[in-house]
Amino acid sequence: MTVKDILDAIQSPDSTSEDFAALPLPESYRAITVHKDETEMFAGLETRDKDPRKSIHLDEVPLPELGPGEALVAVMASSVNYNSVWTSIFEPLSTFGFLERYGRLSELTKRHDLPYHIIGSDLAGVVLRTGPGVNAWRPGDEVVAHCLSVELESSDGHNDTMLDPEQRIWGFETNFGGLAEIALVKSNQLMPKPDHLSWEEAAAPGLVNSTAYRQLVSRNGAGMKQGDNVLIWGASGGLGSYATQFALAGGANPICVVSSEQKADICRSMGAEAIIDRNAEGYKFWKDENTQDPKEWKRFGKRIRELTGGEDIDIVFEHPGRETFGASVYVTRKGGTITTCASTSGYMHEYDNRYLWMSLKRIIGSHFANYREAWEANRLIAKGKIHPTLSKVYSLEDTGQAAYDVHRNLHQGKVGVLCMAPEEGLGVRDHEKRAKHIDAINRFRNI
Ligand SMILES: C/C=C/C(=O)SCCNC(=O)CCNC(=O)[C@H](O)C(C)(C)COP(=O)(O)OP(=O)(O)OC[C@H]1O[C@@H](n2cnc3c(N)ncnc32)[C@H](O)[C@@H]1OP(=O)(O)O
Ligand SMILES: NC(=O)C1=CN([C@@H]2O[C@H](COP(=O)(O)OP(=O)(O)OC[C@H]3O[C@@H](n4cnc5c(N)ncnc54)[C@H](OP(=O)(O)O)[C@@H]3O)[C@@H](O)[C@H]2O)C=CC1
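These numbers come from a predicted model, not from an experiment.

Next up on the list: the UniProt feature "domain: Enoyl reductase (ER)" (unreviewed entry) in the protein chain. Cross-referencing UniProt, the feature "domain: Enoyl reductase (ER)" (unreviewed entry) maps to residues 51-417 in the present numbering. Helix and strand shares over residues 51-417 are 29% and 25% respectively, and the end C-alpha atoms of the span are 18 Å apart.

What follows covers the environment of Ile315. Positionally, Ile315 belongs in strand S16 (residues 313-318). Note on Ile315: relative accessible area 2%, which makes it buried. When the C-alpha positions of Ile315 and Thr339 are compared, they lie 7.3 Å apart, and in sequence the two are 24 residues distant. Once you skip the residues sitting within four places of it in the chain, Ile315 turns out to touch Leu216, Ala222, Met224, Asp228, Asn229, Val230, Leu231 and Thr337.

All residues adjacent to ligand 1 are Asn83, Trp86, Pro92, Leu93, Phe98, Arg101, Ile169, Phe172, Leu207 and His367. Burial of ligand 1 by the surrounding chains reaches 37%, relative to a free accessible area of 1100 Å². Counting only elements with at least two residues in the shell around ligand 1, the list comes to helix H4 (82-88) and helix H5 (96-103). Looking at the shell around ligand 1 residue by residue, the class counts come to seven nonpolar, two polar and one charged.

All right, on to the site of ligand 2 then. Not every one of the 26 residues close to ligand 2 is listed here, only the nearest: Ser259, Arg278, Cys341, Phe368 and His411. With respect to ligand 2, the backbone of Leu239 contributes an N or O atom lying 2.8 Å from an oxygen atom. With respect to ligand 2, the side chain of His367 contributes an N or O atom lying 2.9 Å from a nitrogen atom. Within the complex, 91% of the 910 Å² of free accessible area of ligand 2 lies under protein. Those elements giving two or more residues to the shell around ligand 2 turn out to be H4, helix H7 (206-217), helix H8 (238-249) and helix H11 (322-331).

Our focus in this paragraph is the sheet that holds strand S12 (residues 253-258). With parallel pairing, six strands are arranged side by side in an open sheet as S13-S12-S11-S16-S17-S18. Of all the strands in the sheet, the pair left with one neighbour each is strand S13 (274-277) and strand S18 (362-365). With strand direction ignored, the average angle separating the axes of adjacent strands in the sheet is 20°. As defined by bridge partners, strand S11 (residues 229-233) adjoins S16 across three bridges and the pair is classed as parallel. Looking across to S16, one finds that Leu231 is bridged to Val316. Across the sheet, H7 touches S11, S16 and strand S17 (332-340), and the angle it forms with S16 is around 150°. In the packing of H8 onto the sheet, contacts are made with S11, S12 and S16, and the angle to S11 comes to roughly 165°.

What counts and what doesn't
- Residues numbered from 1 in each chain as written.
- Chains lettered and ligands numbered in written order.
- Predicted model: local features only at pLDDT ≥ 70, side-chain atom pairs only at ≥ 80, totals over all residues.
- Heavy atoms only, no water.
- UniProt positions renumbered as here; feature names shortened; annotations may be inferred.
- Helix = DSSP H or I, 4+ residues; strand = E, 2+ residues; numbered from the N terminus.
- Buried < 20%, exposed > 50% of the residue type's maximum accessible area, 1.4 Å probe, protein only.
- Contact = heavy atoms within 4.5 Å.
- Near = heavy atom within 4 Å.
- Areas by Shrake-Rupley, 256 points an atom, 1.4 Å probe, with all protein chains shown as cover.
- Nonpolar A, V, L, I, M, F, W, Y, C, P; charged D, E, K, R; others polar.
- Polar contact = N/O pair within 3.5 Å; in protein donor to acceptor, adjacent residues only side chain to side chain.
- Pairing = 2+ DSSP bridges.
- Axes fitted to C-alpha atoms, helices over the stretch in contact; angles between N-to-C directions.

Okay, here's the thing in structure tokens:
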């Protein structure tokens, strides 16, 4: 049984669920990994100088055992998220600690504690097998997967699964991720693949679309409403390109922060009008690495008021972290909200707390999304309300270069990776719906 036989079955319009269930599984497959014995390879280097192309490998790995409530999925396409960049430069810590800790949980989770980590937190593909207890999905189903892995034995996760004490990000804090020909997921990660998209277009939104949905739209996040002024950092990037779409589709007013005219044009093409080029306008929120400059916060706030007819920000969509957080708190209106899901520029945030308490502002920590939020975000894609922001597609062999490009902020929107798919453009089932949205689908392509 080879990967090619699986691909032939996926490409054949006559394949039935029984055909896929009858396909013998390969003993091994190709996967993108980092290695446990290389976690010190970048010691002493600046973050910027750590090169994912050196730590990312394409290995032939054995097929993992399938457990209860799980599914093996043939991955046609995946994407590079920033968490794979962090994994590949072993920052803020190596992910092998996560795998060891998960491996201590049970006989079944021991499978994850290996000398290699198969990374990747997005996929679009076809179910090959399901484990005992799975009834909602069958071999042959065309799916995407969100990246929340939970055990759900504790009551803590039954109101909001992101609060499960054993909540993990698949392909980051667990093994057998999506940057591979086959992936192992829990069946409660699976969602229907939008039928008007190619495999790579369907795989790209996943992680960032679900995260932006919780952080901005869900009542577990900012609970955005029509008319809100929403400040979006990196508004044409992975998270930002979906936050901008949610703000526009939800009747809010995005104020898009980008770092180039080209990125500003991308935001305009999405329908945004209020745009701040942080490079062109030269904001320096820090005088030195320990001292912020409130005058720059004020200059930034004045600029925002120029763009909003004198109003301040209702919701800040935060993820750059240390560099921008002081300004983010300052420019938020009285009673407004700052939601944060990351700290790309540094975890130790510093802000003037007078502007928080005297103006009754809220800071909300947000992380990925629960199954319902991921499902609702994927449904908006499937309905053609929100569109993939896929800019460039790499081969599995070039995943290291893809991660390098994301690390150096050389990309736009989302970066895709073909896994089993031999070429771009495959997997479209509803061509009529696709034709209606083709301009929006291609908005970020090859910019
Ligand atoms: C979907 C996409 C997502 C993204 O892209 S997010 C960006 C990428 N992610 C990251 O960069 C974050 C990566 N993760 C981390 O950096 C670390 O993962 C955390 C900082 C989140 C947590 O690190 P630490 O605190 O070291 O691990 P602990 O498991 O929370 O705790 C370690 C030990 O500390 C004990 N402890 C925890 N809280 C307390 C407390 N409040 N008082 C006393 N002890 C505490 C625990 O029990 C445990 O102990 P014991 O090691 O013995 O098991
Ligand atoms: N907790 C969670 O669930 C998730 C967390 N994340 C984290 O969020 C972060 C962003 O992810 P993602 O959007 O995919 O990454 P991208 O690199 O695709 O986009 C981030 C954008 O933010 C802007 N940016 C970066 N650094 C700064 C800075 N110092 N000041 C101002 N703007 C900055 C850049 O846009 P420009 O140059 O145009 O200003 C950049 O393109 C990562 O750290 C990632 O790990 C991502 C997804 C989920």
